[in-house]
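# Breakdown of the fold
One letter stands for each residue in the lines below.
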Amino acid sequence: MLSTAAALPGRVWAAVTRPEAAFGATALDEALAALGDTPQEHEGIQFMTPDIAENGAVVPIRVEVDAGALPNITKVSVLVEMNPNPLAASFDIPRGTDVYIETRVKVAQTGNLYAVVESDGQLFMASRETKVTLGGCGG
Amino acid sequence: MAGRIKIRAEKKGELIEVKALMRHPMETGMRKDQAGEPIPAHFITEVAVLHGDQAVMQAHWGAAVSANPFLGVRFQGGEAGDVVRVVWTDNQGGTGEGETTIR
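Parameters at a glance
Residues numbered from 1 in each chain as written. Chains lettered and ligands numbered in written order. Predicted model: local features only at pLDDT ≥ 70, side-chain atom pairs only at ≥ 80, totals over all residues. Heavy atoms only, no water. Helix = DSSP H or I, 4+ residues; strand = E, 2+ residues; numbered from the N terminus. Buried < 20%, exposed > 50% of the residue type's maximum accessible area, 1.4 Å probe, protein only. Contact = heavy atoms within 4.5 Å. Areas by Shrake-Rupley, 256 points an atom, 1.4 Å probe, with all protein chains shown as cover. Phe/Tyr/Trp six-rings, centres within 6.5 Å; stacked < 30°, edge-to-face > 60°. Lys NZ or Arg CZ within 6 Å of the ring centre and 35° of its normal. 1 Å grid on protein atoms, 1.4 Å probe; cavity = no way out; pocket = protein on both sides within 12 Å on 5 of 7 lines; lining within 4 Å. Points joined across faces, edges and corners; volume = space filled by probe spheres on them. Nonpolar A, V, L, I, M, F, W, Y, C, P; charged D, E, K, R; others polar.

Now for the overall build of chain A. What chain A contains, in helices and strands, is 4 helices and 9 strands. Starting at the N terminus, the α and β elements of chain A follow one another as α-α-α-α-β-β-β-β-β-β-β-β-β. Out of the 139 residues in chain A, the part that is buried amounts to 47%. Within chain A, contacts between residues separated by at least 24 positions form 64% of all contacts whose residues are at least 6 apart in sequence. Just so you have it, chain A exposes about 6700 Å², and 50% of that area is on carbon and sulfur atoms.

Written as structure tokens, this is what we have:
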């Protein structure tokens, strides 16, 4: 197995710095403001989340934008309104990569989830409510 | 500590579909153990999917990504037999990687 130092060419993350302010934000508005302008709703963003999550610790999500719906997408962020830090993840999308992301996130309690997409420097979003039976940040 | 990653890459038409499952506790730093002591934050902060030397996706994660994270992405321009790798680093300096060939 290759050593990870060799596996991580400097350029992989050199170009994109971590959005620390957005990750540190403790309210949805604050996190959105740290990402840029207020996003506009856009029907071209397909955002799949469960209507009801029995276990908030593992909530599957999918963000997909068809080629042509929004041009030149460079970034996709996933936010969970009711979490202590709403920004869960931010994905940088190079040219040639489809806008298709699946992952699983923690959702503290019932509320909206947001997929925010940066297209030609402008922010667009889709939101979905997920009801949580058992919270994802407890312990 | 280098965490292993289960990874699969499949060619479907023009697309390469990558699915990766990482082993990681993804601790938020807000939980307490049985003795009431806070469990330190321990989560993956950066993840990249590489096709050869080219990053086809890179992400910054917070502690709200679920434990033992799953990641699915799709990209174009890959061929059967090409190497696809997933690498991560966490907030405590830990790293993980996995690789597979496209089938």
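For the rest of this paragraph, the subject is the packing of aromatic side chains. The geometry of an aromatic ring pair is captured by two quantities: the separation of the ring centres and the angle between the planes. Under the definition given, this model contains 0 aromatic pairs over all chains. The cationic tip of R18 of chain A hangs over the ring face of F23 of chain A; the distance from NZ or CZ to the ring centre is 4.1 Å. For the cation-ring pair, R74 of chain B lies above Y100 of chain A, with the distance from its terminal atom to the ring centre recorded as 3.7 Å.

As a further point, take empty space enclosed by the protein. All names here are of chain A. One pass over the structure, following the stated rule, counts 1 cavity of 30 Å³ or more. Around the largest cavity, the lining residues are L35, K75, S77, V116, V117, E118 and L123. Looking at the lining of the largest cavity, the elements that each hand over two or more residues are β5 (73-80) and β8 (111-119). Element by element, the count of residues in the lining of the largest cavity is highest for β8, at 3 residues. Tallied by class, residues from the lining of the largest cavity come to 4 nonpolar, 1 polar and 2 charged.

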